[in-house]
Amino acid sequence: MHRGIKREDIMWYKKYGWSNNPFSVKWSTELVGFEKERELLLNYVSGETMCIIVGEPGMGKTSLLKWLKRQMGIMQKGIYLNAESMSDEFNLKKHVGKPFIRKKILMLDEAHQCDEPFFKDMKALWDGNVLKSVAIAQIGNKMDYPESFTNRVGGRIIRLAGMGYDEAKQLIEMRTNGKNPFSEEIISLIIDDARNNPRKILENCEQLCINLEPGNINVDTARAILTRKKANQLLDLQKPDEIKLPDNLMPINDKKLEGYSPMQKRMVILLLEGNRTAKQLAEILNTTEGSIGKQLSSLAEKQVVFIVNNRRPKVYGLTEDFKGSLN
């Protein structure tokens, strides 16, 4: 850091009187809205059934599952799993263990990443009364699961819709502790640009506050910032047309990636094709940028990936040592 520049001087949220970034897109159990969805979810879980939460990235699936886990408490033996962070060697039956006095509740995130054997084990544990109930969350509406599992789910599907004006305003008020810098017209602009997606609403709020000074957020300047943001995203998400998972990816010996999760393996193969941003990886793999970020952090700790370009958006690539280990 340069001499004479204090850390608080470069933290954009300080100029708004906030102690940290109020628009962080990390999951939170402090939910706004979802009243109907929360009621449905609790009813399904208490009824000892299986249910599915579906929605596009950023709609709040992870936050809803984490909220459910908090509601269950310690005695309910709630188990939260994220399929993207599980390795190929993960064994659900061993992880759940033998039944205790109280049966366990499984909350599975990113369920579309799981294979058929996993779902067979999950169904067997539920059939055997080891699991009291199961709630899974997935991206999109396509449910490519074993028929025996979907038959047990039946019509217990919770579809997450977008966030309306009242809920979005309530979210902003809660996040900023009542120090909302946006007019009603600008909030409407933020929502429309985000297409009612809660995560994108928070991202838009962050972008406006970073680029504009307090008291200088008007409709024209806000629209210009959001238009520029969208143009940058479209440029950032461009990818070679020839990349179609999994057929055209560079072949690799599976033994070389032993111990890595399925998601990490796919990311490594994509990065072998060329350096990419987190958003590009998320777009190609049909997952969230937050999930990709977690995997990139894990791979960086293992010295598999590094930041090729620190200029936003950051570009990631494979380390030379790791590439050499694949030969």
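Being a predicted model, the structure only gives us computed values, none of them experimental.

This part is about the nonpolar core. The nonpolar side chains of a soluble globular protein tend to be buried, and buried together. Core analysis: the biggest nonpolar cluster contains 29 residues, and Phe 23, Phe 182, Ile 186, Ile 201 and Leu 208 have the highest contact counts within it. Where this core is concerned, the elements lending two or more residues are helix H7 (165-175), helix H8 (184-194), helix H9 (198-211) and helix H10 (219-236). Ranked by the residues each element gives to this core, the list is headed by H8, at six residues. Apart from residues lying up to four places away in sequence, Phe 182 is in contact with Phe 23, Ile 172, Ile 187, Ile 190, Cys 205, Leu 208, Cys 209 and Ile 217. Grouped together as the second largest cluster of nonpolar side chains are 25 residues, Met 86, Leu 108, Trp 126 and Phe 149 included.

This part takes up unusual backbone geometry. Trans is the common state for peptide bonds, and a negative phi is the common state for residues other than glycine. A positive phi angle is found at Glu 110, which is not glycine, with a value near 55°. Its place among the elements puts Glu 110 in the loop between strand S3 (104-109) and helix H5 (116-127). Phi is positive for Asn 129, close to 65°, though the residue is something other than glycine. Considering the arrangement of structural elements, one finds Asn 129 in the loop between H5 and strand S4 (131-139).

Okay, the packing of helix H11 (residues 262-273) against helix H12 (residues 278-285) next. Between two packed helices, both the angle of their axes relative to each other and the distance between the axes serve to describe the pair. Relative to each other, H11 and H12 sit at 115°, their axes nearing to 11 Å. In this structure, H11 crosses over H12, and the sense of that crossing is right-handed. Residues Met 263, Arg 266, Met 267, Leu 270 and Leu 271 of H11 pack against Leu 281, Ile 284 and Leu 285 of H12. Across the contact of H11 with H12, the residue classes tally to seven nonpolar, no polar and one charged.

What follows concerns the side chain of Asn 197. One can find Asn 197 in the loop between H8 and H9. Once residues lying within four places of it in the same chain are set aside, the contact partners of Asn 197 are Pro 57, Gly 58 and Met 59.

Spatial strand order, S6-S8-S7: three strands in an open sheet with antiparallel pairing. Every other strand in the sheet has two partners, leaving strand S6 (276-277) and strand S7 (305-309) as the edge strands with one partner each.

Looking now at the layout of surface pockets. Left-over empty space is what a probe sized like a water molecule reveals as it rolls over the atoms. The space that makes up the second largest pocket amounts to roughly 420 Å³. The set of elements that each furnish at least two residues to the lining of the second largest pocket consists of H5, H11 and H12. Taken together, the residues that form the lining of the second largest pocket break down as 10 nonpolar, three polar and five charged.

With that out of the way, let us pick up H12. Three- or four-residue spacings in an α-helix give side chains the same orientation, since the helix completes a turn every 3.6 residues. Across the eight residues of H12, six count as buried, placing the element largely inside the fold. Every buried residue of H12 is accounted for by Ala 278, Gln 280, Leu 281, Ala 282, Ile 284 and Leu 285. Of the residues trailing H12, Asn 286 is marked for its positive phi of about 55°.

Bringing the pattern of salt bridges into the picture now. Applying the stated criterion across every chain yields a total of 10 salt bridges. When the shortest N-O distance is used, the salt bridge between Lys 93 and Asp 121 registers 3.8 Å. Highlighted residues: Lys 93 in helix H4 (residues 92-96) and Asp 121 in helix H5, separated in sequence by 28 residues. Take Lys 93: its relative accessible area is 42%, and that puts it in the partly exposed class. Taking the shortest distance from any N to any O, the salt bridge between Lys 323 and Glu 320 comes out at 3.8 Å. Placement of the pair is Lys 323 and Glu 320 together in helix H14 (residues 320-325), with a separation of three residues, close to one helical turn. Lys 323 gets classed as partly exposed once you look at its relative accessible area, which sits at 30%.

Moving on, we come to the side chain of Ser 133. Examined against the element boundaries, Ser 133 turns out to sit in strand S4. In this structure the side chain of Ser 133 is engaged in a polar contact, spanning 3.0 Å, whose partner is the backbone oxygen of Val 45. If we skip the residues at most four places from it in the chain, Ser 133 touches Val 45, Glu 48, Thr 49, Lys 104, Ile 105, Leu 106 and Trp 126.

What follows covers the sheet that holds strand S5 (residues 157-159). Strand order in the open sheet formed by five strands is S2-S3-S4-S1-S5, with parallel pairing between adjacent strands. Two strands close off the open sheet at either side, each with one partner strand: strand S2 (78-82) and S5. Across the sheet, the mean angle separating the axes of adjacent strands is 15° when strand polarity is ignored. In this sheet, S5 lies alongside strand S1 (residues 50-55) in parallel orientation, the contact comprising three bridges. Paired with Ile 53 across the two strands is Ile 158, which belongs to S5. Lying over the sheet, helix H3 (residues 61-72) contacts S1, S2, S3 and S4, oriented at roughly 165° with respect to S3. The strands touched by H5 are S1, S3 and S4; relative to S4, the strand with the most contacts, the crossing angle is about 150°.

Parameters and conventions
Residues numbered from 1 in each chain as written. Predicted model: local features only at pLDDT ≥ 70, side-chain atom pairs only at ≥ 80, totals over all residues. Heavy atoms only, no water. Core = buried A, V, L, I, M, F, W, Y, C linked by side-chain atoms within 4.5 Å. Buried < 20%, exposed > 50% of the residue type's maximum accessible area, 1.4 Å probe, protein only. Helix = DSSP H or I, 4+ residues; strand = E, 2+ residues; numbered from the N terminus. Contact = heavy atoms within 4.5 Å. Axes fitted to C-alpha atoms, helices over the stretch in contact; angles between N-to-C directions. Left-handed = near helix turned anticlockwise from the far one by under 90°. Nonpolar A, V, L, I, M, F, W, Y, C, P; charged D, E, K, R; others polar. Pairing = 2+ DSSP bridges. 1 Å grid on protein atoms, 1.4 Å probe; cavity = no way out; pocket = protein on both sides within 12 Å on 5 of 7 lines; lining within 4 Å. Points joined across faces, edges and corners; volume = space filled by probe spheres on them. Salt bridge = Lys/Arg side-chain N within 4 Å of Asp/Glu carboxyl O. Polar contact = N/O pair within 3.5 Å; in protein donor to acceptor, adjacent residues only side chain to side chain.

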